[in-house]
Amino acid sequence: MLTRLHLQNFTVFADADFHFSPGLNVLVGTNGTGKSHVLKVGYAVGKARESPFLPVGWEKYALVPLFLPSDVSNLVRRGAAESAVIEGWSNKQGDAQMKIVIHSSAAANKPKGSLNSVSVLAEEPESIFIPPKEVLSIYYGFISLYDKREVDYDITYPELCKQLSTPLLRKVDESVADALAQLQAAMGGTVKIEGNRFVFVPTGSTDGLPINLYAEGLRKFGTLWQLLRNGSLTPETTLFWDEPEANLNPALLKKLAAVLAALARQGFQIILATHSLFLLKELHILSRDKQEKALPIRYFGLNADPAVPGSPTRVTTVDDFELLPDIVALDVELQQSDELTRVFAEDDDAQLPAADAHAD
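Treat the numbers as computed from the prediction; the structure is a model and nothing was measured.

(A) Structural context of the pairing of strand β12 (residues 269-274). Here β12 lies mainly inside the structure; six of its six residues are buried. Neither face of β12 is exposed, since Gln269, Ile271 and Ala273 on one face and Ile270, Leu272 and Thr274 on the opposite face are all buried. Where strand β3 (residues 24-29) meets β12, five bridges bridge the pair, whose relative direction is parallel. In the sheet register, leucine 24 faces β12, and the bridge partner there is isoleucine 270. Between the parallel pair strand β11 (residues 238-242) and β12, the chain is carried across by helix α7 (residues 250-265), and the sense of this crossover is right-handed.

Here it is in structure tokens:
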């Protein structure tokens, strides 16, 4: 479980500290404030915990396929420093569990893009990253394609495909039973691998339908169902999810929020990035449900000064959604609501003379 992440002069961050909750962690901010970068760095730290012996240059292997820069030195914040530092901590010990130093091309006496790292603590369960684009429809042959060809996908896609390919457990743990039931009800069925391809199996049927014919948003439910059902995602695994709201309507997003809350209450750590004010509101509502176990949830507001181009991203951490400042999505939605009220009022005013003339 990832407990802390410290980023110094990394991409858009000058000096940012993230202390994560053991349950739900929600990053919110405008485009370009580094939400996806936090997820990917956290995922890289989690992957490092899986092996006690990391080969020389492992950090470059980890960061370049994740961020796809032309050179790893491009991950150093421009004009700010000679190097970037990434530090990660787990709940197993207090010392820095992993440290990566990335040197920029301007660093004196350092080769361009060189990295140094310290990694300790072996046998940690792996992290899982669900990217914005769903993968069930591209699952067939994708790992082989990625290994042999230049494709415009970061490494989270083939790694997720590998985790999805794990055979199902004979018996699922009670901690995921409720979430699996909710997912199956939302999908109206389940998914399975048939002939090296994923298919959708409606409830009450044994025949699978090609996954491409199934709604794209619901494939995300199928992805989560498969990861829980095959034991890849457990309470010992940190789930990173980038924009879970993509291609989901509000009704389905509400169901997904309920599943995420149920998992967090069962001890799953989930770190997600979102633009959805609806999802934020729904998670806040669920956190206030007095009939359920307390929901561990933490919010991270990522903001940069729009008046100063290139200004670093600031991070505000709160455990109460109402205390989160500068929610741009909220401001825009309120502005739209005011505009819509004005348009309705103008439409009503325009219809009144016509109605009066008709009455005469």
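(B) Inspection of the packing of aromatic side chains at higher detail. Taken as a whole and assessed by the stated rule, the structure comprises 13 aromatic pairs. Note on phenylalanine 18 and phenylalanine 300: the rings are 5.7 Å apart at their centroids and 50° apart in plane angle, and the pair reads as tilted. With a gap of 282 residues between them, phenylalanine 18 in strand β2 (residues 13-19) and phenylalanine 300 in strand β13 (residues 297-303) connect regions that are remote in the sequence. There is no split in this pair, since phenylalanine 18 and phenylalanine 300 are both buried. With centroids separated by 5.5 Å and ring planes inclined at 65°, the aromatic side chains of tyrosine 43 and phenylalanine 129 adopt a geometry described as edge-to-face. Taken together, the positions of tyrosine 43 in helix α1 (residues 35-48) and phenylalanine 129 in strand β7 (residues 128-130) put the pair 86 residues apart, joining distant regions of the chain. The exposure class assigned to tyrosine 43 is buried, which follows from its relative accessible area of 2%.

(C) Inspection of the nonpolar core at higher detail. Grouped together as the largest cluster of nonpolar side chains are 92 residues, with contacts concentrated most on Phe18, Ile86, Ile102 and Leu228. Here the element with the most residues in this core is α7; it accounts for nine residues. With residues near it in sequence (within four places) discarded, leucine 228 still touches Val176, Ala179, Leu180, Leu183, Leu233, Leu263 and Phe268.

(D) Geometry of the sheet that holds β12. Reading across from one edge, β7-β11-β12-β3-β13-β14 is the order of the six strands in this open sheet, with mixed pairing throughout. Pairing within the sheet leaves two strands with one partner each, and these edge strands are β7 and β14 (314-318). With direction set aside, neighbouring strand axes in the sheet form an average angle of 15°. Two elements, β11 and β12, share five bridges in a ladder whose sense is parallel. Each residue of the ladder has a partner; that of threonine 238, found in β12, is glutamine 269. Relative to the sheet, α7 contacts β3, β11 and β12, its axis offset from that of β12 by approximately 150°.

Definitions and limits used
Residues numbered from 1 in each chain as written. Predicted model: local features only at pLDDT ≥ 70, side-chain atom pairs only at ≥ 80, totals over all residues. Heavy atoms only, no water. Buried < 20%, exposed > 50% of the residue type's maximum accessible area, 1.4 Å probe, protein only. Helix = DSSP H or I, 4+ residues; strand = E, 2+ residues; numbered from the N terminus. Pairing = 2+ DSSP bridges. Right-handed = clockwise from strand over helix to strand, strands pointing away. Phe/Tyr/Trp six-rings, centres within 6.5 Å; stacked < 30°, edge-to-face > 60°. Core = buried A, V, L, I, M, F, W, Y, C linked by side-chain atoms within 4.5 Å. Contact = heavy atoms within 4.5 Å. Axes fitted to C-alpha atoms, helices over the stretch in contact; angles between N-to-C directions.

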